[in-house]
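Spelled out from the first residue to the last, the chains are:
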Amino acid sequence: ATPIVRMTNGNVVKDSTTINKIICPQLYPDDKAREVTSYEEHLDAVLGPTARVFAYHHLLDPAYSSLTADLATRETSVVESAVFKLMVRSGFIQPGMRKFMNVTAAAAAASEPAILDVYDDAARRLASSPYLCGDRFTAADLSFAALSSPLLDLEEFGDLQP
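Residues numbered from 1 in each chain as written. Predicted model: local features only at pLDDT ≥ 70, side-chain atom pairs only at ≥ 80, totals over all residues. Heavy atoms only, no water.

## Remarks on the nonpolar core
What counts is decided by this rule: Nonpolar core, defined: a set of buried Ala, Val, Leu, Ile, Met, Phe, Trp, Tyr and Cys residues in which side-chain atoms within 4.5 Å join the residues together. Burial classification: accessible surface area is computed with a 1.4 Å probe over protein chains only, and a residue below 20% of its type maximum counts as buried, one above 50% as exposed, and the rest as partly exposed. Secondary structure elements are taken from DSSP: a helix is a run of H or I of four residues or more, a strand is a run of E of two residues or more, and numbering for both begins at the N terminus. In this analysis, two residues are considered to be in contact whenever any of their non-hydrogen atoms come within 4.5 Å of each other.
Within the largest apolar cluster, 16 residues are counted, with the highest numbers of intra-cluster contacts made by Val36, Tyr39, Leu43, Leu47, Leu132, Ala140 and Phe144. Among the secondary structure elements, those contributing two or more residues to this core are α2 (33-45), α3 (47-59), α7 (105-126) and α8 (139-148). For this core, the element with the most residues is α8, which contributes four residues. In this view, valine 36 contacts Leu27, Tyr28, Cys133, Thr138, Ala139 and Ala140; residues no more than four positions away in its chain are not counted.

## So, the pattern of salt bridges
Working definition: two side chains of opposite charge can pair if their charged atoms are close together. Short version of the rule: Criterion for a salt bridge: a side-chain nitrogen of Lys or Arg within 4 Å of a carboxyl oxygen of Asp or Glu.
If you walk through the whole model with that rule in mind, you get six salt bridges. With its nearest N and O atoms 3.3 Å apart, the salt bridge here joins glutamate 35 to lysine 32. Owing to a relative accessible area of 31%, glutamate 35 belongs among the partly exposed residues under this scheme. Between arginine 125 and aspartate 121 there is a salt bridge, with its nearest N and O atoms 3.1 Å apart. With a gap of four residues between them, arginine 125 and aspartate 121 both fall in helix α7, about one helical turn apart. A cluster of three or more residues bridged by salt bridges with shared partners is formed by Lys32, Glu35, Asp121, Arg124 and Arg125.

## Quick look at the environment of valine 118
Here valine 118 lies in helix α7. Separated by 75 residues in sequence, valine 118 and leucine 43 have C-alpha atoms that sit 7.8 Å apart. With near-sequence residues (within four places) excluded, valine 118 lies in contact with Tyr39, His42, Leu43, Val46, Leu47 and Phe144.

## Observations concerning the side chain of serine 81
Mapped onto the fold, serine 81 is located in helix α5 (residues 78-89). Among residues more than four places away in sequence, those in contact with serine 81 are Thr73 and Thr76.

## Here's the deal with unusual backbone geometry
Positive phi, normally seen in glycine, also occurs at aspartate 15, with a value near 90 degrees. Topologically, aspartate 15 is positioned in the loop between β2 (12-14) and α1 (16-23). Here aspartate 15 falls in the partly exposed class, since its relative accessible area comes to 32%. Positive phi outside glycine occurs at asparagine 102, with the angle close to 55 degrees. In this structure, asparagine 102 sits in the loop between α6 (94-101) and α7.

## Some points on the packing of α3 against α7
This is how the line gets drawn: Angular values range over 0 to 180 degrees, each being the angle between N-to-C directions of two axes fitted as lines to C-alpha atoms, with helices fitted over their stretch in contact. Angular relationships are summarised with four words: roughly parallel below 35 degrees, roughly antiparallel beyond 145, roughly perpendicular across 65 to 115, and oblique for the angles in between. Crossing handedness is defined as follows: a turn of the near helix away from the far one that is anticlockwise and smaller than a right angle gives a left-handed crossing, while the clockwise case is right-handed. Charged residues are taken to be Asp, Glu, Lys and Arg, nonpolar residues to be Ala, Val, Leu, Ile, Met, Phe, Trp, Tyr, Cys and Pro, and polar residues to be all remaining types, Gly included.
Packing of α3 against α7 leaves a shortest axis separation of 8 Å and a crossing angle of 135 degrees. Judged by the angle between their axes, α3 and α7 are oblique. When you trace α3 past α7, the crossing you get is left-handed. Contacts between α3 and α7 pair Leu47, Thr50, Ala51, Val53, Phe54 and His57 from the former with Ala105, Ala107, Ala108, Ser111, Glu112, Ala114, Ile115, Val118 and Tyr119 from the latter. Looking at the contact of α3 with α7 residue by residue, the class counts come to eleven nonpolar, three polar and one charged.

Rendered as structure tokens:
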């Protein structure tokens, strides 16, 4: 999903990089702005789609229908929750979601090497610095963490993730 923010002046801003540059310009230090933006765009193009396909492939498995239903109905009305849970638990909605998002076993299998390549690159970068681009936290680190989250089972996520 594309992030969208309505600014206090009423303007609508789309795209996480654009939003970050407006709201948190300090995430793009002058001496590293080009590198940070380039790495962030690489992550958006590679890690974002592959992590989503890989995660959805597993979440849409019938064995996880209760988990999928619970995740998708947080903070929804009682009626919406009941209808969606019924559709998920009956297996009605998964084929459509798989088709719409092109989530197949082959796509999930193809995603894994791309994900591992991104993680290998991040490991190389982090071997010499605690940050992905330079000597401070940047949008590259934020993007890596956010786009990795569907793949991780971290206690700190609490209710936000399975």
